[in-house]
Amino acid sequence: MRTLLLAPLLLAGCDPEGEAADNFEYVDLGTFTTDADGLVNIPWEAPEGVVSTEVFCGPYGYDTIATADDVTSPAGTMVYDDEAPYDGALRVGVLDDVLPVLIPVSPDLPAESGQWSMNLFVDASDLPASVSCGALSRVGDTASANLVDVHIVFVGVDGIAAGMTAQAAEGDETVQAIVSRLGDLWSDLGLGLGTVRYSDFSGDVAGSTTIEGYEEFGNLLRTTEDTAELTFFMVQDIDLGDGASILGLSGGPPGVAGHGGTSKSGVVINVANAVASPEQVSLIMAHEGGHFLGLFHPTENDLSGQDPLGDTPVCSDSDGDGGLTSAECAGSGSENVMWPTAQVGTATSFSGDQGWVVARNPITFPE
Amino acid sequence: MLNLFLPLLLAGTGHADEALRSRVVDMLSGMDSAPAAEQWLALGPAAEAELGAIASDRAMLPTQRANALVALSNFPSEEARGVILATLATPGEQALLRRKAVLSLATGWGASALPQLAPVLADTDPQVRAATVRAIAGLPNGAGAETLRARLTVETDAHVLAELRKAVSL
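Overview of the structure. (Residues numbered from 1 in each chain as written. Chains lettered and ligands numbered in written order. Predicted model: local features only at pLDDT ≥ 70, side-chain atom pairs only at ≥ 80, totals over all residues. Heavy atoms only, no water.)

**Some thoughts on the nonpolar core**
The biggest cluster of nonpolar side chains holds 55 residues, and the ones touching the most others in it are Trp186(A), Phe232(A) and Met234(A). Secondary-structure elements contributing two or more residues to this core are strand 1 (24-33), strand 10 (146-154), helix 3 (173-187), strand 11 (191-200), strand 13 (230-235), strand 16 (267-270), helix 6 (278-292) and helix 7 (352-359) of chain A. The contacts of Met234(A), once residues within four sequence positions are left out, are Ile152(A), Val153(A), Phe154(A), Val155(A), Val157(A), Ile269(A), Val271(A), Val281(A) and Met285(A). Leu69(B), Trp109(B), Leu114(B) and Val128(B) belong to the second largest nonpolar core, which has 46 residues in total. (Core = buried A, V, L, I, M, F, W, Y, C linked by side-chain atoms within 4.5 Å. Buried < 20%, exposed > 50% of the residue type's maximum accessible area, 1.4 Å probe, protein only. Helix = DSSP H or I, 4+ residues; strand = E, 2+ residues; numbered from the N terminus. Contact = heavy atoms within 4.5 Å.)

**With respect to the pattern of salt bridges**
Think of it this way: side chains of opposite charge can pair up when their charged atoms draw near. As enumerated under the stated definition, the model contains 17 salt bridges over all chains in all. In this structure, Asp123(B) and Arg98(B) form a salt bridge, with 2.8 Å as the shortest nitrogen-oxygen distance. In this pair, Asp123(B) sits in the loop between helix 7 (114-117) and helix 8 (126-137) while Arg98(B) sits in helix 6 (residues 95-109), placing the two residues 25 residues apart along the sequence. For Asp123(B), a relative accessible area of 13% gives the class buried. Where salt bridges share partners, they join Arg197(A), Glu225(A) and Glu229(A) into one cluster. (Salt bridge = Lys/Arg side-chain N within 4 Å of Asp/Glu carboxyl O.)

**What about the state of the cysteines?**
Residue and element names in this part refer to chain A. On inspection of all chains with the given rule, the structure shows two disulfides over all chains. Note on cysteine connectivity: Cys 57 is disulfide-linked to Cys 133, with sulfurs 2.1 Å apart. Linking Cys 57 and Cys 133, the disulfide has an S-S dihedral of approximately 115 degrees and is accordingly described as right-handed. Residue Cys 57 is located in strand 3 (residues 50-58), and its partner Cys 133 is located in strand 9 (residues 130-139); the two are separated by 76 residues in the primary sequence. Look at chain A and number its bonded cysteines as they come in the sequence; the links are 1-2, 3-4. (Disulfide = S-S within 2.5 Å.)

**Points about unusual backbone geometry**
Residue and element names in this part refer to chain A. The amide bond that connects Gly 252 to the next residue, Pro 253, takes the cis arrangement and shows omega of -10 degrees. Here Pro 253 shows up in the loop between strand 15 (248-250) and strand 16. Cis geometry marks the peptide bond from Pro 253 to Pro 254; its omega dihedral reads -5 degrees. As for its placement among the helices and strands, Pro 254 is situated in the loop between strand 15 and strand 16. The phi dihedral of Asp 97 falls on the positive side, at around 65 degrees, and the residue is not glycine. On the secondary structure map, Asp 97 appears in the loop between strand 6 (95-96) and strand 7 (99-103). When its relative accessible area of 0% is taken as the criterion, Asp 97 is described as buried.

**Comments concerning the pairing of strand 3 of chain A**
All names here are of chain A. Within strand 3, nine of the nine residues are buried, leaving the element largely enclosed by the surrounding structure. Here strand 3 pairs with strand 9 via eight bridges, running antiparallel. Bridging across to strand 9, Phe 56 finds its partner in Gly 134. (Pairing = 2+ DSSP bridges.)

**A closer look at the pairing of strand 10 of chain A**
For a regular strand, side chains alternate in direction, first toward one face of the sheet and then toward the other. Residue and element names in this part refer to chain A. Burial analysis of strand 10 places nine of its nine residues in the buried class, the great majority of the element. Residues Asn 146, Val 148, Val 150, Ile 152 and Phe 154 point to one face of strand 10 and Leu 147, Asp 149, His 151 and Val 153 to the other, with burial holding for every one of them. Summarising the sheet, strand 10 and strand 11 pair through eight bridges and their orientation is parallel. Residue pairing across strands places Val 153 opposite Ser 199, the latter belonging to strand 11. Pairing of strand 10 with strand 17 (residues 364-366) involves three bridges; the strand directions are antiparallel. Of the residues in strand 17, the one forming a bridge with Val 148 is Thr 364. Where strand 10 meets strand 13, five bridges bridge the pair, whose relative direction is parallel. Counted as the bridge partner of Phe 154 is Met 234 from strand 13.

**A short note on the interface of chain A and chain B**
Accessible area lost during the coming together of the parts is what is often quoted as the interface size. Taken together, the contact between chain A and chain B spans 41 residues of the former and 23 residues of the latter. Counting each side, the surface lost to burial between chain A and chain B is near 2,400 Å², with a carbon and sulfur contribution of 50%. Counting across the chain A and chain B interface gives five salt bridges. The residue Lys100(B) makes a salt bridge to Asp237(A) at a minimum N-O spacing of 2.9 Å. One can count 21 residue pairs in polar contact (both at pLDDT 80 or more) joining chain A with chain B. Of all the elements in the fold, those that place two or more residues in the side of chain A that touches chain B are helix 4 (205-208), strand 12 (210-212), strand 14 (237-239), strand 15 and helix 6 of chain A. At six residues, the largest contribution of residues to the side of chain A that touches chain B is made by helix 6 of chain A. Counted by class, the side of chain A that touches chain B contains 15 nonpolar, 18 polar and eight charged residues. (Buried area = accessible area lost by both parts, 1.4 Å probe. Polar contact = N/O pair within 3.5 Å; in protein donor to acceptor, adjacent residues only side chain to side chain. Nonpolar A, V, L, I, M, F, W, Y, C, P; charged D, E, K, R; others polar.)

Remember, this is a structural readout, not a statement about activity or role.
What follows is the structure, encoded as structure tokens:
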């Protein structure tokens, strides 16, 4: 029932605002029903001159997860196989509610025109399940210097830093330092800040400023507008259910670009440390924004996988304890902004391949 | 003879402490994930002292202190409990830390923490009160049900009242 009720949200008209909106087109692929094993084939067409293409399906609810069994390119090549998820040049999440798949996330698998297809697997308790899908493809030019428009939404965080309101942000030293430092960090990607706008969250602030669990996270992201911007929600805390605070969380990754109203349509940032370390908030925004735009951790610190890029460092478990620390990976990953723990002042760089990926995301555009 | 080796032994210990401290701080600083209980326990009992020191250290970042409080629930000793209670007793301590302290008490010490948790239902910050409601509601065997029902007649904040009503209807 939840799927049926929420489906219109995903299929709401897509007429996004923002500079990048001229670069891409959205196609409503319609509703698909899985077989009794939870599988369904989702074909979508990438147009001539495609730079990037993203398909997304859902909503299937927060209690259900889905992934791609496989993804096949227009040339008929299987470019993703969930039996070996870290072997190829594509990464696909195992996600609740909505599953986005973005191409490219590596120069080794550029977007190409023609028919792509994904065998979607929905692990629902009640099968068959129905999902709605859409595809968004960017066409046009790419460049080495790009911009992204940013929308910062304050969700009841003026108690942490008084300037964190739509009215005060433009003239607030802390907020402007955070935004400026974000621009500095992203400049290593060849990415600059386009238009930056600020809003106050207009929904249930008390119920949304401390995010507890993926459902609250997803519901906050569902409030995004249909926009070609990268939306950051600034909150007091994020706890995914075990009590510990995490610093940020991106829809996806990668996020659903250029299409609002889904549980993967933005990024949430924990600003609890904003006064003590505005630099850290910039780093969190650069990192989670990087996820949204198609970047992954160079190496997972639990050794569960690595990104699909050839020029990001791979750290090995030199002390053999089954995990990685930032000290252990000094010189082999922890200097990268996409390193999985916050290394303020140390994690300041991106690789060339990371810049290549971001330059092709649907919501970035040539400077 | 021992005197000759003592500085070397101390230097070795210091190095080990430094490595442990660095690892603990790293684990408290996850961008988008947090360590599981087993990862904390794998560090051994020395981690408890580091977590206690970080939780009490105002020079550390709020989220690092908060996560240290939460991680202390994996080491449910009287020392760890003392660190958490000291956080709750510190005037003007940040709401984030008070929220994590009540959660950690409930997780690590269960129903025995109810006498320390119940007064926090009257905290000045609604977010802290809401977190305390959830922490008490999660105590085993409905140990906090009566405490929560009593609070229903006193609470005025709409968000906390919603949490209370949800908790007592479970």
